Amino acid sequence: MELELEGADLKSVLNRLRRAQGQISGVIRMIEEGRDCEDVVTQLAAASRALDRAGFAIIATGLQQCVADMDSGRANGEDPKAMRARLEKLFLSLA
C-alpha cells in the first residue's frame, strides 16, 4: 500500500513534522544550556504530541485510501483481513 499525501493533507503533516523538528531542536538546546527540568519535559511533551498528531494524520489518510481502494476493487490483490491487520499494527505503533 503506497501512501499518497496531497494538498492540504500533505501541508498539514509537513507543518506538524516541522513543528516537532523545531521543538526537538529546542529541547536539545535547553539541555545543553542546563535549563530547568520541568521546562525541558514540557517542551519534549509538546514535540511528542506533534509527532503523534502527524502519525495519526498519516494513518488516517492511509485508512481512507485503503477503504477507497477496497471499495473500488484496487486493493492490489491483498486480502482485506491482512490489510486490516497491517493497518491495526501501524495504528497501535503510535498508541
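Treat the numbers as computed from the prediction; the structure is a model and nothing was measured.

So, about the overall build of the chain. Along its length, the chain carries three helices and zero strands. The N-to-C order of helical and strand elements in the chain reads α-α-α. Among the 95 residues that make up the chain, the fraction classed as buried is 22%. Put simply, 67% of the contacts in the chain that link residues at least 6 apart link residues at least 24 apart. Accessible surface for the chain amounts to roughly 6,900 Å². Of this, 55% is attributable to carbon and sulfur atoms.

Here we come to the confidence of the model for the chain. Considering every residue of the chain, the mean pLDDT works out to 81; 80% of them sit at 70 or more. When the elements of the chain are averaged for pLDDT, helix α3 (residues 80–94) gives the smallest value, 76, and helix α1 (residues 7–32) the largest, 89.

For α1, built from 26 residues, the straight-helix expectation of 38 Å at 1.5 Å per residue is met to within 8% by its first-to-last C-alpha distance of 38 Å. If you check which residues of α1 are buried, you get Val13, Ala20, Gln23, Gly26, Val27 and Met30. Following α1 by one or two positions, Gly34 adopts a phi angle in the positive range, close to 70°.

So, how was this worked out
- Residues numbered from 1 in each chain as written.
- Predicted model: local features only at pLDDT ≥ 70, side-chain atom pairs only at ≥ 80, totals over all residues.
- Heavy atoms only, no water.
- Helix = DSSP H or I, 4+ residues; strand = E, 2+ residues; numbered from the N terminus.
- Buried < 20%, exposed > 50% of the residue type's maximum accessible area, 1.4 Å probe, protein only.
- Contact = heavy atoms within 4.5 Å.
- Areas by Shrake-Rupley, 256 points an atom, 1.4 Å probe, with all protein chains shown as cover.
- pLDDT = per-residue confidence, 0-100.
- Expected span 1.5 Å × (residues − 1).

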